[in-house]
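# Analysis of the macromolecular model
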Amino acid sequence: MLKVSSASKYTKTIGSWMTHARNTTGNAGFAMANGHFNIFKGGKAIKAAWLDFRNKGNIEQRKYIRELMELGVVGQGARYGEIRDIVKDATGGKLDVLIGTGRKQKIRRIFKGIEKAYGAEDDVWKIYAFENEYSRYKKALPDMDDKELKKKVAEIVTDTYPTYSKIPKGIRALRRFPVLGPFISFPVEVVRTAKNTIGLAAKELADPKLRAIGAQRLAGIVTAATATGVLSYGLAHMFGHNKEKEKAMREGGVFPP
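Values in this document were obtained by computation on a predicted structure and should not be read as measured data.

Moving on to the overall build of the protein. Looking only at helices and strands, the protein features 13 helices and zero strands. Start at the N end of the protein and walk to the C end: the helices and strands fall as α-α-α-α-α-α-α-α-α-α-α-α-α. For the protein, buried positions account for 39% of its 257 residues. For the protein, long-range pairs separated by at least 24 residues make up 70% of all intrachain contacts whose partners lie at least 6 apart in sequence. Accessible surface, the protein as shown: approximately 15,300 Å² in total, 63% of it carbon and sulfur.

Here it is in structure tokens:
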């Protein structure tokens, strides 16, 4: 039963193009809530995630990626981490049990690439967050040792973005209980990161050196709390969508005229 359930969850996440689209865009809310508005940091983040995905890059680039791994910034997506553990529960970590061996090895290689893409989609946002935080904390705390500063920034990122290693083992174990629904880790992380983001903003606002960062984060929290609803309502109105139509779609799968 666990193998069948794992195969279903795997195909509906890593094997679903729609889930990849949501995974790519979903972290935008966390970026907004933390006031990570410096979009010029996006180029470096995309390049680093792409090089890591392809196992490419020069010595300095690979060193940068390894450093982020050691700091726990990348490779820690909540959904990705949980799906890996779900597969491990069912197969001992061997996906071949789910999709077969022999001539199906080509399929396995394809799925391995899709797995890496799923992780990279999350990592690009974590790197973007790291670069945003490092830039403004470096400016606010110019005398701080760079190594210590990076550790501090990494801790901020893992505290305010969904991070699988931050989830208690007891909560992670709940993935084995189907009555609780799949992927319990992500909603737990949403609560944890929201609490941490608000608490961090309060601490920064109380510190004269970090007050500007705290103000940015506070503005981000307010924007994230309101923008989603406004955007959703605006797009629904634009396309003639309403609650009645949504209810009909969810219950019957048919979009009424």
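Another point: the packing of helix α4 (residues 42-54) against helix α5 (residues 59-70). Close contact between α4 and α5 brings their axes to 10 Å; oriented N to C, the two are set at 90°. Considered as vectors, α4 and α5 are oriented roughly perpendicular to each other. Between α4 and α5, the contacting residues are K44, K47, A48, L51 and D52 on the first element and Q61, R62, Y64, I65 and M69 on the second. Each residue belonging to the contact of α4 with α5 can be placed in one class, and the counts come to five nonpolar, one polar and four charged.

Another point: the pattern of salt bridges. Applying the stated rule across the entire model yields 12 salt bridges. Across the pair K150 and E67 runs a salt bridge whose closest N-O atoms are separated by 3.3 Å. Of this pair, K150 sits in helix α9 (residues 146-160) while E67 sits in helix α5, placing them 83 residues apart in sequence. The salt bridge involving D122 is made with K126; its shortest N-O contact spans 3.1 Å. In this pair, D122 and K126 both sit in helix α8 (residues 105-140), four residues apart, roughly one turn of the helix. Neither residue differs from the other here; D122 and K126 are each classed as buried. Within this structure, E67, K138, D146 and K150 form a network of salt bridges that share partners.

Here the focus is the packing of helix α11 (residues 185-206) against helix α12 (residues 211-238). Contact geometry for α11 and α12: axes closest at 7 Å, N-to-C directions at 145°. Crossing of α11 over α12 shows left-handed handedness. In contact with T197, I198, L200, A201, E204, L205 and A206 of α11, α12 contributes R211, I213, G214, A215, R217, L218 and I221. Of the residues in the contact of α11 with α12, the class split is nine nonpolar, two polar and three charged.

Before going further, it helps to spend a moment on the confidence of the model for the protein. Averaged over all residues, the pLDDT of the protein is 81; the fraction at 70 or higher stands at 80%. By mean pLDDT, helix α7 (residues 96-99) is the weakest element of the protein at 53, and α9 is the strongest at 95.

Now for the packing of aromatic side chains. Summed over the entire model, instances satisfying the criterion amount to three aromatic pairs. Centroid distance F30 to Y161: 6.0 Å. Interplanar angle 35°. Geometry classified as tilted. Taken as a pair, F30 in helix α3 (residues 28-33) and Y161 in the loop between α9 and α10 (169-173) lie far apart in primary sequence, 131 residues in all. Comparing F30 with Y161 shows no difference in burial state: the two are buried. Measuring from centroid to centroid gives 6.2 Å for F130 and Y134, while their planes differ by 10°, and the two rings are stacked.

A separate point is the nonpolar core. Within soluble globular proteins, side chains that are nonpolar tend to cluster in buried spots. Core analysis: the biggest nonpolar cluster contains 28 residues, and L68, V73, I127, F130, Y137, V153 and V157 have the highest contact counts within it. Broken down by secondary-structure element, the contributors of at least two residues to this core are α3, α4, α5, α8 and α9. Counting residues per element, this core draws most heavily on α8, which supplies nine residues.

Parameters and conventions
- Residues numbered from 1 in each chain as written.
- Predicted model: local features only at pLDDT ≥ 70, side-chain atom pairs only at ≥ 80, totals over all residues.
- Heavy atoms only, no water.
- Helix = DSSP H or I, 4+ residues; strand = E, 2+ residues; numbered from the N terminus.
- Buried < 20%, exposed > 50% of the residue type's maximum accessible area, 1.4 Å probe, protein only.
- Contact = heavy atoms within 4.5 Å.
- Areas by Shrake-Rupley, 256 points an atom, 1.4 Å probe, with all protein chains shown as cover.
- Axes fitted to C-alpha atoms, helices over the stretch in contact; angles between N-to-C directions.
- Parallel < 35°, antiparallel > 145°, perpendicular 65-115°, else oblique.
- Nonpolar A, V, L, I, M, F, W, Y, C, P; charged D, E, K, R; others polar.
- Salt bridge = Lys/Arg side-chain N within 4 Å of Asp/Glu carboxyl O.
- Left-handed = near helix turned anticlockwise from the far one by under 90°.
- pLDDT = per-residue confidence, 0-100.
- Phe/Tyr/Trp six-rings, centres within 6.5 Å; stacked < 30°, edge-to-face > 60°.
- Core = buried A, V, L, I, M, F, W, Y, C linked by side-chain atoms within 4.5 Å.

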